[in-house]
Amino acid sequence: MRLNGIISDRFRNAADKPTVISLGQVWMDIMLDVDEMPQTGDFAVTRNTKPTPGGSYRILDAASRMGVRAQHAGIIGDGIWATAVRTVLKRAGIEHIGPNLDDVDSGFRLVFKDEEERKTYIAHYGAETLGDEHTFDAIKPAGGTVVHVSGNTLLNQTAVGLDGFLRRAGTDPKQRDWTLVLNSTNALNQVSDKLIEDLVLARPIWSCNRQEAETLADRMGVHIDDSATMTVGGGFDESMRVLCDELGNALRAPLVVRAGSRGAWVRKPGGDVEHIEGFPTKAVHTRSAGSCHTGVMCAMLAKGWSLADSVRIANAAASLAIQHNDGGVPVCPDYEETMALLEE
C-alpha cells in the first residue's frame, strides 16, 4: 500500500525530533481476574493480577514507539502509585514535563474481570486530578509539535488549567505552528458548557469512536439524519459517513471517527468524508486499541504526514496492537512492524 505523506527533512537533527505532548492524566490500573464478583461480606481470590498504567500512558507509549519524543504534561503525585507511574514512564522513554504534587499520591483503579469477560471498576482519584488554572502555564509547544488533550482531563478540576491553555491557543488553527488533537469522552454530560464552547472554538483535530461521536453530537444539539441507513441499501458505512459529515460540519474542524477493524472515517472542513479502511483483526477479548490509534496518529502528524495517511498508519498499528495484547491489554507495535503491514 503506497502512502502519500513524506517525512520532512526538518527532523534530521536530534534537536528537531518530532514531539507529542499529552495534557492527559496517568494512573495505575490493577487488573484482577475473578471467577465471579463477591457479594458484600464475601471473600474472593483472583486468578491473575496485573498492574498496568492507564489514562494517557498508552497514547504516549504508542507515540514513543513510532520514534517521536513523547512528553507527559500532567500532574504526578508523591507516593507508591506515583512511583509506579514514574517508573513505567521512564521505562517507555516518556519524559515528564508537568507539575509534581507533594504529599498526595497519584490515583489508581481496580479492574475486576469475571469469567464472562464483564468488568467492574473501582477508582480512586489522586494528584493527577488536582490541577488549577496554572497547571499547563509552562507548556509552550514548539513548531511542529502535536499537543494531545485527553477526555479524562475534562472531568475534574484540572480542566480549569486546560481551559486556560485552550484560550492561549486561540481560535484559528492557521495561526498556530503546532497541532492540537482532542480525544472526546462518553462523559460529556459532566463537562461544563463553557469548556465545551472553548473546546469547539479551539478547533482541534477531534478523534473519537462512534459512541463518543454520537455523544458529542447529542451534547452539541446536532441532529444526525440517519434515515438513509434505514433503507434496504443503507448500512453501517452510510451511517458512519452521515455521522462524520454532520458532526464535522458542526465542529468546523477535522474529525476522525474510529470503527475498530473497519478503520476510520475522516472529514476535514469543507471536504468530503473519506473512509480509510482498517485491517482484519481476529476477535479477541481485549481492551480497546483506541489509545494506540490516537498515539500513532499524533506521532505521524508530528513527523509531517497528512491526516489521512496518519490515520491509515494508525489503523495498521491498532490492528497489530490487538494481536499483540498482553493479558487483554493491547500493545502497540513499533514503527518498522507497522510500516511492514502497510506494505503487504
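Values in this document were obtained by computation on a predicted structure and should not be read as measured data.

A.B. asks: For helix 2 (residues 80–91), give the residues involved together with the corresponding values.
C.D. replies: Spanning 12 residues, helix 2 covers 17 Å between terminal C-alpha atoms, matching the ideal 16 Å at 1.5 Å per step. Buried residues of helix 2: Ala82, Val85, Val88 and Leu89, and no others. Taken end-on, helix 2 shows its buried residues confined to a sector of 130°, consistent with a single buried face. Among the exposed residues of helix 2, those pointing more than 90 degrees away from its buried face are Ile80, Lys90 and Arg91. Once helix 2 ends, the next one or two residues include Gly93, with phi positive near 75°.

A.B. asks: So, the confidence of the model for the protein: which residues are in play, and what are the values?
C.D. replies: Chain-level pLDDT for the protein is 90 on average; 92% of the residues reach the 70-or-more range. Within the model, pLDDT remains below 50 along residues 4–14, and this stretch shows 20 contacts once partners closer than five positions in the same chain are excluded.

A.B. asks: How would you sum up the sheet that holds strand 9 (residues 179–183)? Please name residues and give values.
C.D. replies: Strand order in the open sheet formed by 9 strands is 5-4-1-8-9-10-11-12-13, with mixed pairing between adjacent strands. The sheet is open, and its two borders are formed by strand 5 (95–96) and strand 13 (274–276), each paired with just one other strand. Of the pairings in the sheet, the one linking strand 1 (residues 19–22) to strand 4 (residues 69–72) comprises 4 bridges and is parallel in character. Its bridge partner being in strand 4, Val20 is matched across the sheet by Ala70.

The rules behind each value
Residues numbered from 1 in each chain as written. Predicted model: local features only at pLDDT ≥ 70, side-chain atom pairs only at ≥ 80, totals over all residues. Heavy atoms only, no water. Helix = DSSP H or I, 4+ residues; strand = E, 2+ residues; numbered from the N terminus. Expected span 1.5 Å × (residues − 1). Buried < 20%, exposed > 50% of the residue type's maximum accessible area, 1.4 Å probe, protein only. Arc of directions from axis to C-beta. pLDDT = per-residue confidence, 0-100. Contact = heavy atoms within 4.5 Å. Pairing = 2+ DSSP bridges.

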